[in-house]
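The lines below spell out each chain.
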Amino acid sequence: MDRFTPKHFIFLMMATGIVSLKTYPIVFIGGAGRDSWVAVIISSILIFLYFLFAAKTMNLVPENNFLDVYQKAVGKKAAVFLLAIFFLTVLMTLVESAAIEADSMHQSILLETPEWYFILFFAIPAIYVVCKDLVAIMIITIIGISFIMVAGIHLGMLTTQQKTFQDLFPVFYDGLTVDFILSIFKSLGLYGFLTITLPYMQYISTKRISLTKYVIIGLIFIIQMQIVSITGIFMTFSPETASSYYYPKLIQTHLVSYFEILEFGELYVMLQILCGWFLKYLISYNCILILIKFFNIKKKMLHILTYAISIVVLVLSYFVTKNSIRLFNLLEYVPWISLVNFIVIPTIVFTLYRIRLKNHPQPQAQA
């Protein structure tokens, strides 16, 4: 069976928890405006507490088995229902990954390349990787995240000349508003994709080292990156301008120009967008296969389902990218779906599991 160490888990966290918030922040800055960078700080604290609670709960489960948590918390029948909802939400994540990657590249950089072309050369190569094993996915994730980090550092330096710190203020000019509260929950919902990594915990091989410290390291890295990203947007654009762009980070890199000849910010952001969404797609896709394996599906049927899922994703992604306005109208629902199915429901399940575990102690497994 494929195994990896707690250190590798950090890369899975980064691949799922970064790209959505950075690519289309318009869904939570549209109403809150400049206050949304404060909202991201608050949601960052909340996701830190939630995911640390989730990781510590998984440490209490024999073999870190995600299915066991649900079955022992709510019973087998209810567990099947809740896992089916979880499954559909991860499937939505696949469509999100393929659609946003295609639409962002088409809208901001390669205008004459149709969206279906991006989707085709995004989803099909992913099948090859997913049909390999977890080792292949981990290798690609580690390499991809490493390149994304290098690109992010260079982009931070290249865009410094466009940023003005004073543009972050004033905040709460209109006081605490409903839009600000909604911005907290929307950004928290986009953070919620981190939950996709929880089923992977059963493959962690090193039981002597606590997973908690590596989860903390990963969360700190993700949170600081998101705060730097959202503050960078408002240090470059006004709230009105930022909320008028579908992909403000992509527009921000268009401004990079040195000596009137060096204009290569797009190269770095293309690497971040293409690689980031591809990694999220791979990890989400394999998460679906892990959930399917929980129900002892035969290997032959598993291969059929792999191709069937890809066809569904291709069709749905093509449909939603036919019109960018329609795509972003649908994206307005994504944070709320993620918030409920990736944070609220798992929190209730983990809480019930801890209560049942307290009333009926059992042998614990430390990861």
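In the block above lies the structure referred to throughout.
Residues numbered from 1 in each chain as written. Predicted model: local features only at pLDDT ≥ 70, side-chain atom pairs only at ≥ 80, totals over all residues. Heavy atoms only, no water.

## Re the state of the cysteines
So, step 1. Under the counting rule described, the total for this entry stands at zero disulfides.
So, step 2. Distance from the sulfur of cysteine 275, which forms no disulfide, to the nearest cysteine sulfur (cysteine 287) is 19 Å.
So, step 3. On the basis of relative accessibility, which here comes to 17%, the residue cysteine 275 falls in the buried class.
So, step 4. Not engaged in a disulfide, the cysteine cysteine 287 finds its nearest cysteine sulfur in cysteine 131; these two sulfurs lie 16 Å apart. (Disulfide = S-S within 2.5 Å. Buried < 20%, exposed > 50% of the residue type's maximum accessible area, 1.4 Å probe, protein only.)

## Concerning unusual backbone geometry
So, step 1. A cis amide bond, omega 5°, links phenylalanine 169 with the succeeding residue proline 170.
So, step 2. Its location among the elements puts proline 170 in the loop between helix 8 (134-158) and helix 9 (178-191).
So, step 3. Backbone geometry at phenylalanine 172 places phi at a positive 55°, although glycine is not the residue there.
So, step 4. A residue is classified by how much of its surface remains accessible, and phenylalanine 172, at 30% relative accessible area, is partly exposed. (Helix = DSSP H or I, 4+ residues; strand = E, 2+ residues; numbered from the N terminus.)

## Quick notes on the pattern of salt bridges
So, step 1. What the rule picks out here adds up to two salt bridges.
So, step 2. Taking the shortest distance from any N to any O, the salt bridge between glutamate 96 and lysine 280 comes out at 3.0 Å. With a gap of 184 residues between them, glutamate 96 in helix 6 (residues 76-108) and lysine 280 in helix 13 (residues 265-293) connect regions that are remote in the sequence.
So, step 3. Overall, glutamate 96 belongs to the buried group, its relative accessible area being 4%.
So, step 4. A relative accessible area of 0% means that lysine 280 is categorised as buried. (Salt bridge = Lys/Arg side-chain N within 4 Å of Asp/Glu carboxyl O.)

## Considering the side chain of threonine 306
So, step 1. Secondary-structure assignment places threonine 306 in helix 14 (residues 299-320).
So, step 2. Here threonine 306 falls in the buried class, since its relative accessible area comes to 3%.
So, step 3. Every residue in contact with threonine 306, bar those within four places of it in the chain, is listed here: Cys131, Tyr285 and Leu289. (Contact = heavy atoms within 4.5 Å.)

## With respect to the environment of leucine 250
So, step 1. Here leucine 250 shows up in helix 12 (residues 248-254).
So, step 2. By relative accessible area, leucine 250 is classed as buried at 2%.
So, step 3. Considered as a pair, leucine 250 and isoleucine 109 are 141 residues apart in the sequence and their alpha carbons are 8.4 Å apart.
So, step 4. Beyond its immediate stretch of four places on either side in the chain, leucine 250 contacts Ser104, Met105, Ser108, Ile109, Val269 and Ile273.

## A look at the packing of aromatic side chains
So, step 1. Tallying each qualifying case throughout the model produces 18 aromatic pairs.
So, step 2. The interplanar angle of 70° and the centroid separation of 6.5 Å between the aromatic rings of tyrosine 246 and tyrosine 247 together place this pair among those described as edge-to-face.
So, step 3. Taking the relative accessible area as the measure of exposure, tyrosine 246 reaches 27% and is therefore partly exposed.
So, step 4. Summarising the aromatic geometry, the rings of tyrosine 281 and tyrosine 285 are spaced 5.7 Å apart at their centres and angled 70° between planes, so their arrangement reads as edge-to-face. Of this pair, tyrosine 281 and tyrosine 285 are both found in helix 13, four residues apart, which corresponds to roughly one turn of the helix. No difference in accessibility class separates tyrosine 281 from tyrosine 285, as the two residues are buried.
So, step 5. Residue placement shows arginine 326 over the ring face of phenylalanine 319; its charged tip is 4.3 Å from the ring centre. (Phe/Tyr/Trp six-rings, centres within 6.5 Å; stacked < 30°, edge-to-face > 60°. Lys NZ or Arg CZ within 6 Å of the ring centre and 35° of its normal.)

Geometry only, nothing functional implied.
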